[in-house]
Amino acid sequence: MSKFLQLLPWDSEFLGFSVGRLLSTTPVAELPALLEQARQDGYRLLNWAVPPEDAAANAAACAAGGFLADEKITYAMRIEEVPTELPAGVQPTTTLTSQLTALALQAGHRSRYQTDPRFERDVYQRLYSLWIANSLEGEMAREVLVFRPDASAAEAGLLTLGIKNTRADIGLLAVDAQVRGQAIGARLLTAARQRTRAWGFDALQVVTQRANVGACRFYERCGFTPDVVENIYHLWLY
């Protein structure tokens, strides 16, 4: 196996075929040979994260038939003064409900697993359903926070929070389409900031897609700034 290629075991098991990731240090000149070797080794899909400003790498990915699946933006913010308690209506949960699954699917509506037509149509639904289930079990998040307008109501908003690269990390964030515009997302972000500080971290991050213009504007209004931008290519080997 090349030092520029990593097998992605979780992705491979979930999708049922070998998936790998090309490292950011992959030399453009070696890309054709790497793809051929990966094909011979049984890989079906390679992901490659390329800086938008790297014209040579972007051109090479396109020349190799790469699908620009995502213009990924990592937003970050420093955490300073925050409330000591969670906002009204926000509370942690460990119980999976059909509404939480529906919210998770809304969170991923612009996922690259949804926008790339080469994936089977149910991949996006299966992935995000599994994401919320595993988050509630503590496997993909440290805590799951929900917003309910009252104790007997269904969840109107969802946020999963974990730790990644020395920062608190938002995995899923969604507000039900029927109740948007009521500052529910802002309350959930306040809760994320509160938890970030309570856990002893001073920075919070979240990933979204450039194409998700509404989410980008929302995060920027809430004080996040772009930290890393990457073009994510899918290189299919069949």
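The structure we're discussing is the one just above.
The rules behind the values
- Residues numbered from 1 in each chain as written.
- Predicted model: local features only at pLDDT ≥ 70, side-chain atom pairs only at ≥ 80, totals over all residues.
- Heavy atoms only, no water.
- Helix = DSSP H or I, 4+ residues; strand = E, 2+ residues; numbered from the N terminus.
- Contact = heavy atoms within 4.5 Å.
- Buried < 20%, exposed > 50% of the residue type's maximum accessible area, 1.4 Å probe, protein only.
- Phe/Tyr/Trp six-rings, centres within 6.5 Å; stacked < 30°, edge-to-face > 60°.
- Axes fitted to C-alpha atoms, helices over the stretch in contact; angles between N-to-C directions.
- Parallel < 35°, antiparallel > 145°, perpendicular 65-115°, else oblique.
- Left-handed = near helix turned anticlockwise from the far one by under 90°.
- Nonpolar A, V, L, I, M, F, W, Y, C, P; charged D, E, K, R; others polar.
- Pairing = 2+ DSSP bridges.
- Salt bridge = Lys/Arg side-chain N within 4 Å of Asp/Glu carboxyl O.

Engineer: Outline the environment of V28, listing residues and values.
Structural biologist: Examined against the element boundaries, V28 turns out to sit in the loop between β2 (18–22) and α2 (31–40). In the structure, V28 is positioned 71 residues away from Q99 in sequence and 45 Å away in space, judged by C-alpha atoms. Excluding its chain neighbours within four sequence positions, the residues that come into contact with V28 are A56, A57 and A60.

Engineer: Could you give an account of the environment of L237, naming the residues involved and the relevant values?
Structural biologist: Examined against the element boundaries, L237 turns out to sit in the segment after β10 (225–236). The class for L237 is buried, based on a relative accessible area of 6%. Separated by 213 residues in the primary sequence, L237 and S24 place their C-alpha atoms 19 Å from one another. What L237 contacts, discounting residues up to four positions off in sequence, is L35, A38, R39, Y43, R44 and L46.

Engineer: Provide a residue-level description of the environment of G108, including the pertinent values.
Structural biologist: In this fold, G108 is placed in the loop between α4 (98–107) and α5 (112–115). Taking the C-alpha atoms as reference, G108 lies 8.7 Å from Q125; in sequence the two are 17 residues apart. Apart from residues lying up to four places away in sequence, G108 is in contact with Q114, Y124 and Y128.

Engineer: Could you give me a rundown of the packing of aromatic side chains, with the residues and numbers involved?
Structural biologist: Enumeration according to the criterion identifies ten aromatic pairs in this entry. Centroid distance W10 to F14: 5.3 Å. Interplanar angle 15 degrees. Geometry classified as stacked. One end of the pair is W10 and the other is F14, both in helix α1 (residues 9–15) and four residues apart, which spans about a single turn. Ring centres 6.1 Å apart and planes at 55 degrees place the aromatic pair F17 and W236 in the tilted group. Here F17, found in the loop between α1 and β2, pairs with W236, found in strand β10; they are 219 residues apart in sequence, far enough to count as distant. By relative accessible area, which is 8% here, W236 ends up buried.

Engineer: Requested: an account of unusual backbone geometry, with residues and values cited.
Structural biologist: The phi dihedral of N165 falls on the positive side, at around 55 degrees, and the residue is not glycine. Tracing the backbone through its elements, the reader meets N165 in the loop between β7 (157–164) and β8 (167–175). Taking relative accessible area as the criterion, N165 reaches 60% and is therefore assigned exposed. Non-glycine residue T166 carries a positive phi angle of around 65 degrees. Take T166: it is sitting in the loop between β7 and β8.

Engineer: Mind laying out the packing of α4 against helix α6 (residues 123–136), listing which residues take part and the relevant values?
Structural biologist: At their nearest, the axes of α4 and α6 sit 9 Å apart, and the two run at 125 degrees to each other. Relative to α6, the element α4 lies oblique. Between α4 and α6 lies a crossing of right-handed hand. Residues L100, T101, A104, L105 and Q106 of α4 form the contact with α6, whose own contacting residues are Y124, Q125, Y128, S129, I132 and L136. In terms of residue class, the contact of α4 with α6 is made up of seven nonpolar, four polar and no charged.

Engineer: Break down the pairing of strand β9 (residues 203–209) for me, citing the residues and quoting the values.
Structural biologist: Burial of β9 is extensive: six of the seven residues sit out of reach of the surface. With seven bridges connecting them, strand β4 (residues 67–78) and β9 associate as antiparallel partners. Looking at the pairing, K72 lines up with Q209 of β9.

Engineer: Break down the side chain of Q194 for me, with residues and values.
Structural biologist: Topologically, Q194 is positioned in helix α7 (residues 184–198). A residue is classified by how much of its surface remains accessible, and Q194, at 6% relative accessible area, is buried.

Engineer: I'd like a description of the pattern of salt bridges, backed by residues and values.
Structural biologist: Going through the model one piece at a time under the given rule, you end up with eight salt bridges. Residues D122 and R126 are paired through a salt bridge, measuring 3.2 Å at the closest nitrogen-oxygen approach. Between R167 and D227 there is a salt bridge, and its shortest N-O distance comes to 3.0 Å. Of this pair, R167 sits in strand β8 while D227 sits in strand β10, placing them 60 residues apart in sequence. On the accessibility criterion, D227 (41% relative accessible area) is partly exposed.

Engineer: I'd like a rundown of the sheet that holds strand β1 (residues 5–7), residues and numbers included.
Structural biologist: With respect to topology, ten strands assemble into an open sheet ordered β1-β2-β3-β10-β4-β9-β8-β7-β6-β5, the strand pairing being mixed. Unpaired on one side and paired on the other, β1 and β5 (90–92) mark the two borders of the sheet. The sheet shows a mean angle of 25 degrees between the axes of neighbouring strands, direction not considered. Pairing geometry for β4 and β10, over nine bridges, is antiparallel. Directly across from E71, in β10, lies its bridge partner N231. Where α4 meets the sheet, it contacts β6 (143–147), β7 and β8, and its direction lies at approximately 105 degrees from that of β8. Across the sheet, α6 is in contact with β6, β7 and β8; its angle to β8 comes to roughly 125 degrees.

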